[in-house]
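# Summary of structural features
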Amino acid sequence: MCFYSYLLGSEVKLIISWDEIWKLEKTSNVILTESIHVMAHGEDHYFSMLLHINETFVIMEQLADYSIKRLFDKEAFQREPALSDPLQITKRGLEAHAKSEQFRTFFRLPKEENLLEVHETFLWVPFSHFNTLGKICLSERYLCFASQDGSQCHIIIPMREVINVEKPDSSSRALTVCVRGKRALRFSEVRDYQRLANTLRSRCGISASPQHSASTEVIRGECQSLINHFEDNPDDVTLMVGQKDSSKAVSTEALMTVFHPQDVENLDPKMLKEKMKEQSWNIHFSEYGRGTSMFFTMKTRDLIVRGVPEALRGELWMLFSGAVNDMATHPGYYTDLVEQSLGTSTLATDEIERDLHRSLPEHPAFQSDTGISALRRVLTAYAYRNPKIGYCQAMNILTSVLLLYAKEEEAFWLLVAVCERMLPDYFNRRIIGALVDQAVFEDLIRENLPQLVEHMTDLSFFSSVSLSWFLTLFISVLPIESAVNVVDCFFYDGIKAILQLGLAVLDYNMEALISCHDDAEAVTILNKFFDSVTNKDSPLPPTVQQALVGNNDKESHFNVDISELIRDAYEKYGNIRSEEVESSRKRNKLHVIQTLEDTTKQNVIRVVTQEVRFGASHLDELYNLFKRQHFLCCYWTMKSPALLHHDPSLAYLEQYQLGFQQFTVLFYLLEPWTFCNPKSTLSLWVFRLIDENQDGLVNFKEFCYALDTLYSGSFTNKLKFLFKLHLPPAFTGSPLHLKEQRNQHLIPVTEDSSHLSRLAAFDLPEDGVIRKTPERGRGKVDLQAYLKQWQNEILKKEETIKDLPRINQSQFIQFSKTLYNIFHGDPEEESLYRAVAHVTSLLLRMEEVGRRLQEPSSPSESTKPAAAAGPSTEEASTTPESSDTCSSHNSQDVEVDWSFSFEQVLASLLNEPTIVSFFERPVDVHTKLGQARVAQLKLKANK
């Protein structure tokens with residue numbers, strides 16, 4: 001974001017990167033009626049007097065959201081061509097992306113769906129007997145309708161369920177959509193009904209020809225036979241959603257039906273009430289439909305609040321979450337995942353095995369191998385499907401509850417819906433999504449519970465207490481028979497239901513919380529409250545219920561019914577709108593991410609400080625430059641190595657890394673002698689030397705260690721760095737090879753391809769990502785190898801000058817050229833060049849004297865080793881002969897066999913005061929960092 005002003009001779013320039021913004025909001029005060037507040041680098045900026053402030057703010061929000069997803073989440077937007085290339089982003093593309101996200105969130109649709117068309121229309125609602133005004137929203141595979149008249153009615157129609165599209169009345173611009181199950185939806189007053197009808201036909205594969213009527217009758221006949229089948233077999237619902245038979249290895253029954261089958265003849269009050277609930281839902285199904293084409297209305301929410309019957313819970317969870325559509329469009333997917341992930345050994349599978357027996361251990365289903373095996377298969381399959389998340393704690397608790405009421409495959413798709421759509425960014429290393437929603441929760445506390453805010457000004461306490469509420473949907477704090485009612489509301493209303501219930505819990509305990517003296521007392525109050533929550537209507541036996549276990553000795557303690565608590569939450573806080581929650585999420589996400597980034601930076605600097613001589617302020621500035629270079633690579637390069645190699649499971653020190661191309665740019669700006677321009681092969685040698693683990697990426701610690709040596713190292717350390725620069729693995733070729741390498745480097749290439757080509761010798765995983773730590777998701781891991789590598793790093797001793805190998809002829813020639821490049825442009829360039837020439841000739845004379853002292857008495861014996869000696873021979877062993885022919889022949893061998901130790905080079909250079917003073921000249925780090933900060937973005941702009 002840039003701002004420019006030139007007023008009364010005063011020029012103001014402001015450049016703020018989107019990744020540096022802490023706060024972005026619309027504000028108003030006495031002086032500025034409306035303004036946009038931007039906080040970055042600890043400074044507040046207010047932009048006002050905009051002609052279209054609302055439109056400007058929306059665009060700024062969209063750009064900030066796009067940048068966060070691309071930079072921090074490493075999202076490449078491959079499914080959206082309009083956003084995949086940052087150079088081609090338009091306002092229209094951002095608006096389309098935002099609308100598609102809202103569309104998917106509202107209707108709980110898969111991520112692949114995009115909003116294609118919107119039509120205003122009236123829909124005939126049979127249960128109310130009137131037309132309701134709303135909009136048709138059309139995507140690739142779904143036809144959706146949402147009312148706009150306050151009736152809160154919406155419906156989702158998968159294209160696979162449509163059997164016919166008719167145009168009964170052109171005068172009313174109406175069309176009728178026939179779906180399976182003898183149902184028809186009549187849309188009227190559609191402005192472009194003809195085109196919409198043709199679009200629906202083409203997407204559903206329905207012909208518009210005259211012969212269509214005959215085929216329609218056939219389809220209707222087939223549908224009627226299916227309907228009759230399901231009427232006779234109501235429990236057989238797998239084929240209804242297009243599923244093929246599951247593998248025998250996968251459980252096909254919900255665990256609750258196995259471990260607690262309902263007794264039809266049981267007529268106790270709880271079972272009678274359960275039957276009444278089922279009857280209420282059956283009446284609702286008869287009026288509003290059942291399955292994927294059911295109408296969602298306010299009456300549906302009322303039934304949810306009262307409680308879902310045990311027998312219908314799994315079916316309704318699948319419907320409300322949208323998981324039923326995922327499963328219908330991916331037949332056999334779960335079974336294949338189970339087979340592929342079977343026997344894999346990863347960090348994720350190790351963590352899963354460790355937590356299996358911690359998942360609802362009191363429940364009989366998870367005291368047997370049946371429940372444990374099903375839980376293992378679902379969690380392992382998901383870790384294999386999504387290695388970016390892999391496995392996180394709290395997933396086991398959530399999945400165990402899903403398995404109680406849903407079949408194994410259904411539980412898997414419910415987990416997909418929760419982790420990837422309903423609770424985005426919750427289940428990862430930094431749980432950003434949960435932290436964002438906790439910030440939203442704090443905002444709602446300030447708005448709705450002012451008395452509590454007055455007493456407890458620091459609301460961070462509620463963030464720490466409520467983390468488990470959000471991560472486990474209250475399952476970890478409530479008894480299971482009560483927690484499932486909360487999950488019912490969550491699948492219907494999303495995170496809004498959890499926020500409402502959290503407010504209701506605090507409101508219920510308001511007086512006790514206000515009177516408490518410290519945080520520990522407040523925690524005790526809330527724990528006692530959760531222990532007292534019961535479900536008086538639960539038909540589960542005492543062996544399954546958890547509330548009875550802890551409350552037998554607390555008969556005098558009050559009890560709270562979960563249905564009443566949920567009803568209270570909806571009555572008091574049901575006015576919270578999902579749009580407001582999403583807006584608050586966007587507003588708080590910036591602050592949460594920047595807080596985490598700041599913590600990460602402090603941790604990295606604390607680790608690096610122990611090994612370098614940079615001050616804290618200089619390391620802070622270096623980190624910002626390094627991170628910005630990483631982000632430039634991620635943002636502007638569509639197939640950046642930083643994106644391809646991103647592994648969120650790595651430690652914070654490894655999260656930001658540079659490939660070769662980005663490294664050369666930043667190193668060129670910071671290195672003290674300007675000897676490494678981005679097109680020189682010397683840059684490649686420096687990169688190879690710094691890249692200790694040879695993975696094609698350099699982290700911040702490696703980068704700082706190299707710069708620290710060049711900035712603050714002693715003369716010996718600086719010379720050792722340059723010496724190692726001309727030894728393998730940095731220097732790998734002969735002069736001829738170096739020429740070819742240089743020519744290749746001068747050819748424009750894609751990001752990092754020149755350096756990554758040398759990594760062909762490494763075995764790469766299937767996804768092409770080079771990983772330095774065990775994968776979280778898929779693939780076998782040799783944990784012993786990593787432990788051994790870790791032990792070697794701990795025991796690694798400091799390298800001495802005697803450990804360095806000798807430098808041969810070609811390496812020494814390049815070393816001399818590097819010295820000339822370093823001294824080029826220096827005020828004392830001429831004297832430095834003479835000093836290098838003097839050192840070179842001195843070393844050659846020393847080598848010649850050394851060979852003569854080692855000359856054997858018999859020339860014939862020395863000929864064989866001389867002939868066998870190659871460029872890599874450590875010690876020269878040739879002997880000059882008296883004849884001219886032999887002398888000329890051996891002179892070539894002598895050139896090949898030159899080699900010098902580091903001690904010889906160091907001793908020779910120490911005799912040249914000019915060179916010593918040059919390398920010991922102090923570097924103004926502050927000025928260098930300031931120049932690099934200004935030049936960093938200019939270089940990108942010039943490109």
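These numbers come from a predicted model, not from an experiment. (Residues numbered from 1 in each chain as written. Predicted model: local features only at pLDDT ≥ 70, side-chain atom pairs only at ≥ 80, totals over all residues. Heavy atoms only, no water.)

## Let's talk about the overall build of the chain
Put simply, the rule is: Counting from the N terminus, the helices are the DSSP runs of H or I reaching at least four residues and the strands are the DSSP runs of E reaching at least two. Only protein chains enter the area calculation, which uses a 1.4 Å probe; residues under 20% of their type maximum are buried, those over 50% are exposed, and those in between are partly exposed. Only heavy atoms enter the contact rule, under which two residues are in contact if any of them lie within 4.5 Å. Computed with the Shrake-Rupley method and a 1.4 Å probe, the accessible areas treat only the protein chains shown as cover for residues.
When helices and strands are counted, the chain shows 41 helices and 19 strands. Within the chain, buried positions represent 51% of all 943 residues. Of the contacts formed within the chain by residues at least 6 apart in sequence, a portion of 69% connects residues at least 24 apart. Of the roughly 45,000 Å² of accessible surface on the chain, 53% is carried by carbon and sulfur atoms.

## Some details on the packing of aromatic side chains
Our working rule: Only rings of Phe, Tyr and Trp enter the pairing, Trp through its six-membered ring, and a pair is recorded when the two centres are within 6.5 Å. The plane angle decides the type: under 30 degrees is stacked, over 60 is edge-to-face, the rest tilted. We call a charge positioned over a ring when the NZ of a Lys or the CZ of an Arg lies within 6 Å of the ring centre and within 35 degrees of the ring normal.
Applying the stated criterion across every chain yields a total of 50 aromatic pairs. In textbook terms, an aromatic cluster arises when at least three aromatic residues are bridged by ring pairs, as seen for Tyr623, Phe626, Phe631, Tyr656, Phe660, Phe663, Phe667, Phe687, Phe700 and Phe703. Its guanidinium or amino end placed over the ring of Tyr405, Arg313 lies 5.0 Å from that ring's centre, counting from NZ or CZ.

## Description of the sheet that holds strand β6 (residues 117-125)
The line we're drawing: When DSSP finds two or more bridges between a pair of strands, those strands are recorded as paired.
If you walk across this open sheet you meet the eight strands as β10-β11-β12-β6-β7-β8-β9-β13, and the pairing is antiparallel. Only two strands of the sheet have a single neighbouring strand rather than two, namely β10 (162-166) and β13 (295-296).

## Let's talk about the pattern of salt bridges
Side chains carrying opposite charge are able to pair once their charged atoms draw close together. Quick note on the threshold: Each reported salt bridge corresponds to a side-chain nitrogen of Lys or Arg within 4 Å of a carboxyl oxygen of Asp or Glu.
Evaluation of the coordinates by the stated rule reveals 42 salt bridges. Here Asp568 and Lys572 are joined by a salt bridge, their closest N and O atoms 3.7 Å apart. You can see Asp568 and its partner Lys572 sitting in helix α24 (residues 562-573), four residues apart, about one turn around the helix. Residue Asp708 is joined to Arg613 by a salt bridge in which the shortest nitrogen-to-oxygen separation is 3.3 Å. Of this pair, Asp708 sits in helix α30 (residues 700-712) while Arg613 sits in the loop between α25 (578-609) and α26 (616-636), and the two are 95 residues apart along the sequence. For Arg613, a relative accessible area of 52% gives the class exposed.

## Thoughts on the nonpolar core
Quick reminder of the rule: Here, nonpolar core means buried Ala, Val, Leu, Ile, Met, Phe, Trp, Tyr and Cys residues that are tied together by side-chain atoms lying within 4.5 Å of each other.
Membership of the largest hydrophobic core comes to 146 residues, with the highest contact counts inside it found for Phe187, Phe320, Met395, Phe427, Trp469, Phe491 and Leu506. If you tally residues by element for this core, the top one is helix α15 (residues 408-422), at ten residues. Not counting residues within four places of it along the chain, the set of residues in contact with Phe187 comprises Thr121, Phe122, Leu123, Ile136, Leu143, Phe145, Arg173, Ala174, Leu175 and Val177. Tyr66, Val686, Ile807 and Val916 belong to the second-largest nonpolar core, a separate cluster that totals 99 residues.

## Observations concerning the pairing of β6
Each regular strand shows side chains that alternate between the opposite faces of the sheet. Every second residue of β6 is oriented toward a common face, the buried set being Glu117, His119, Thr121, Leu123 and Val125 and the non-buried set Val118, Glu120, Phe122 and Trp124. Looking at chain direction, β6 and strand β7 (residues 130-138) are connected through nine bridges and run antiparallel. Along β7, the bridge assignment pairs Thr121 with Gly134. Between the end of β6 and the start of β7, which pair antiparallel, lie four residues, with His129 showing a positive phi angle near 60°.

## Things to note about the confidence of the model for the chain
To be explicit about the condition: Residue-level confidence of the predictor, termed pLDDT, takes values from 0 up to 100.
Summary statistics for the chain give a mean pLDDT of 80 and a share of 79% for residues scoring 70 or more. In this model residues 234-248 is a low-confidence stretch, pLDDT under 50, and it forms 23 contacts with partners more than four residues away in sequence or in other chains.

## Remarks on helix α14 (residues 395-405)
Among the eleven residues of α14, eleven are classified as buried, and the element is accordingly described as predominantly covered. Within the sequence span of α14, burial applies to Met395, Asn396, Ile397, Leu398, Thr399, Ser400, Val401, Leu402, Leu403, Leu404 and Tyr405.

## Observations regarding α30
Test applied: Residue count minus one, scaled by 1.5 Å, sets the expected span of a helix. Polar contact is defined as a pair of N or O atoms within 3.5 Å, subject to the rule that within protein one atom must be able to donate a hydrogen and the other to accept it, and that residues adjacent in sequence are counted only when both atoms are side-chain atoms.
The end-to-end C-alpha distance of α30 is 17 Å, a good match for the 18 Å that 13 residues give at a rise of 1.5 Å each. The buried fraction of α30 is high, at ten of 13 residues. The backbone nitrogen of Lys701 lies 3.1 Å from a side-chain oxygen of the residue at the head of α30, namely Asn699.

## Observations concerning the environment of His926
Relative to the helices and strands, His926 resides in helix α41 (residues 925-942). C-alpha separation for the pair His926 and His618, spaced 308 residues apart in sequence, amounts to 7.1 Å.

## A few points about the sheet that holds strand β5 (residues 43-48)
The test is simple: Every angle, taken between N-to-C directions, lies between 0 and 180 degrees, and every axis is a line fitted to C-alpha atoms, over only the stretch in contact when it is a helix.
Strand order in this open sheet of three strands is β3-β4-β5, and the pairing throughout is antiparallel. Edge positions in the sheet fall to β3 (21-27) and β5, since each has one partner strand and no second. Ignoring strand direction, the axes of neighbouring strands in this sheet form an average angle of 15°. Of the pairings in the sheet, the one linking β3 to strand β4 (residues 35-40) comprises six bridges and is antiparallel in character. Each bridged residue has a counterpart across the sheet, and for Glu25 the counterpart in β4 is His37. Set on the sheet, helix α1 (residues 53-71) makes contact with β3 and β4; between it and β3 the angle comes to about 160°.

## Overview of the pairing of strand β11 (residues 175-179)
Counting buried residues along β11, five of its five residues qualify, which places the element largely inside the surrounding structure. Residues Leu175, Val177 and Val179 point to one face of β11 and Thr176 and Cys178 to the other, with burial holding for every one of them. Here β11 pairs with strand β12 (residues 183-188) via five bridges, running antiparallel. Looking across to β12, one finds that Leu175 is bridged to Phe187.

## Here's the deal with unusual backbone geometry
Put simply, Pro728 and Pro729 share a cis peptide bond, and its omega is 10°. Residue position: Pro729 is located in the loop between α31 (715-724) and α32 (735-746). Here the phi dihedral of Asp425 falls at roughly 65°; this positive angle occurs in a residue that is not glycine. Note on placement: Asp425 falls in the loop between α15 and α16 (432-448).

## So, the packing of helix α9 (residues 313-321) against helix α19 (residues 480-493)
For the record, the criterion: By the definition adopted for this analysis, an angle is roughly parallel if under 35 degrees, roughly antiparallel if over 145, roughly perpendicular if from 65 to 115, and oblique otherwise. Each residue gets one of three labels, nonpolar for Ala, Val, Leu, Ile, Met, Phe, Trp, Tyr, Cys and Pro, charged for Asp, Glu, Lys and Arg, and polar for the others, Gly among them.
Viewed as axis vectors pointing N to C, α9 and α19 meet at an angle of 30°, and their least axial separation amounts to 8 Å. By the angle between their axes, α9 is roughly parallel relative to α19. Along its contact with α9, which presents Arg313, Trp317, Phe320 and Ser321, the element α19 presents Val484, Asn485, Val487, Asp488, Phe491 and Tyr492. Residues of the contact of α9 with α19, tallied by class, amount to six nonpolar, two polar and two charged.

## Brief notes about the packing of helix α8 (residues 298-306) against α19
Applicable threshold: Left-handed describes a crossing in which the near helix is turned anticlockwise from the far one by less than a right angle; the clockwise case is right-handed.
For the pair α8 and α19, the least separation of the axes is 8 Å and the interaxial angle reads 160°. Considered as vectors, α8 and α19 are oriented roughly antiparallel to each other. Seen along the crossing, α8 lies across α19 with a hand that is left-handed. Residue-level inspection shows Thr300, Arg301 and Ile304 of α8 in contact with α19, the latter providing Asp488, Cys489, Tyr492 and Asp493. Looking at the contact of α8 with α19 residue by residue, the class counts come to three nonpolar, one polar and three charged.

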